[in-house]
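Listed here are the chains, written in short residue letters.
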Amino acid sequence: MIKNQGFTLSEVMIVIAVLAILSAIAVPSFAAFSRKGALNKARAALVENAHFMEQYYAQRKTFKETSTSWPDLPNTATNKFNIAFTSKAKGELPDRYRIRATPNEKYAAKENRYLEIDHNSNIKLCTKINNSTRCQKW
């Protein structure tokens, strides 16, 4: 008597169906986890820049390098976000600043949110929806 070895077609189809269901659950969860990780990395860079700005202010009594320029930030980018001041220094008060982390060119299609930190270390997470932006403390 010859024994057939291997799997039947129905067994293989069941395994494929189970893998498809697990993939449908895991991929969106991983994508959300990855986006949150990128935001947290940008947040850490913003906080480090804010600490730099506080030290700068303690030494010079102003956040500006000159009346028309900001000092160079220690962190200007992460792997998915670009970091810069939100405005030119000219016309801004010497005791205020705002730094923004925006998605870089490669990541912008996947991420519609950006982070901002101000001179009081308030961090906002802003979401762009169509032509409007909603911000919340983060």
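Look up a bit, the structure's there.
Residues numbered from 1 in each chain as written. Predicted model: local features only at pLDDT ≥ 70, side-chain atom pairs only at ≥ 80, totals over all residues. Heavy atoms only, no water.

(A) Focus on the sheet that holds strand 1 (residues 81–85). Overall, antiparallel pairing links the 5 strands, which are arranged 1-2-3-4-5 in an open sheet. Because the sheet does not close on itself, it has two edges, and the strands there are strand 1 and strand 5 (132–137). Each strand of the sheet is rotated relative to its neighbour by a mean of 25 degrees, with strand direction disregarded. Both strand 4 (residues 123–129) and strand 5 contribute to a ladder of 6 bridges, which runs antiparallel. Within the sheet, the bridge partner assigned to isoleucine 129 lies in strand 5 and is serine 132. Sheet contacts for helix 1 (residues 9–60): strand 1, strand 2 (98–103), strand 3 (113–118) and strand 4; angle to strand 3, the most-contacted strand, approximately 20 degrees. (Pairing = 2+ DSSP bridges. Helix = DSSP H or I, 4+ residues; strand = E, 2+ residues; numbered from the N terminus. Axes fitted to C-alpha atoms, helices over the stretch in contact; angles between N-to-C directions. Contact = heavy atoms within 4.5 Å.)

(B) Summary view of the side chain of arginine 113. By the secondary structure assignment, arginine 113 is in strand 3. Residues contacting arginine 113, with those up to four places away along its chain left out, are Arg35, Leu39, Phe81, Pro103, Leu125, Cys126 and Thr127.

(C) Quick peek at helix 1. With 52 residues, helix 1 ought to run about 76 Å at 1.5 Å a step, and its terminal C-alpha atoms sit 75 Å apart, in line with that. What helix 1 keeps buried is the set Ala38, Leu39, Ala42, Ala45, Leu46, Asn49, Ala50, Met53 and Tyr56. The inward-facing, buried residues of helix 1 contact strand 1, strand 2, strand 3 and strand 4. Phi turns positive one or two residues past the end of helix 1, at lysine 61, with a value near 65 degrees. (Expected span 1.5 Å × (residues − 1). Buried < 20%, exposed > 50% of the residue type's maximum accessible area, 1.4 Å probe, protein only.)

(D) Spotlight on the packing of aromatic side chains. One pass over the structure, following the stated rule, counts 6 aromatic pairs. A ring pair is formed by phenylalanine 63 and tyrosine 97, whose centres lie 4.7 Å apart and whose planes are at 75 degrees; its orientation type is edge-to-face. Linking phenylalanine 63 in the loop between helix 1 and strand 1 with tyrosine 97 in the loop between strand 1 and strand 2, this pair joins segments that are 34 residues apart in sequence. Residue phenylalanine 63 is classed as buried on the basis of its relative accessible area of 3%. According to the relative accessible area criterion, tyrosine 97 is buried, its value standing at 4%. Between tryptophan 70 and phenylalanine 85, the ring centres sit 4.5 Å apart and the planes meet at 10 degrees, which makes this aromatic pair stacked. (Phe/Tyr/Trp six-rings, centres within 6.5 Å; stacked < 30°, edge-to-face > 60°.)

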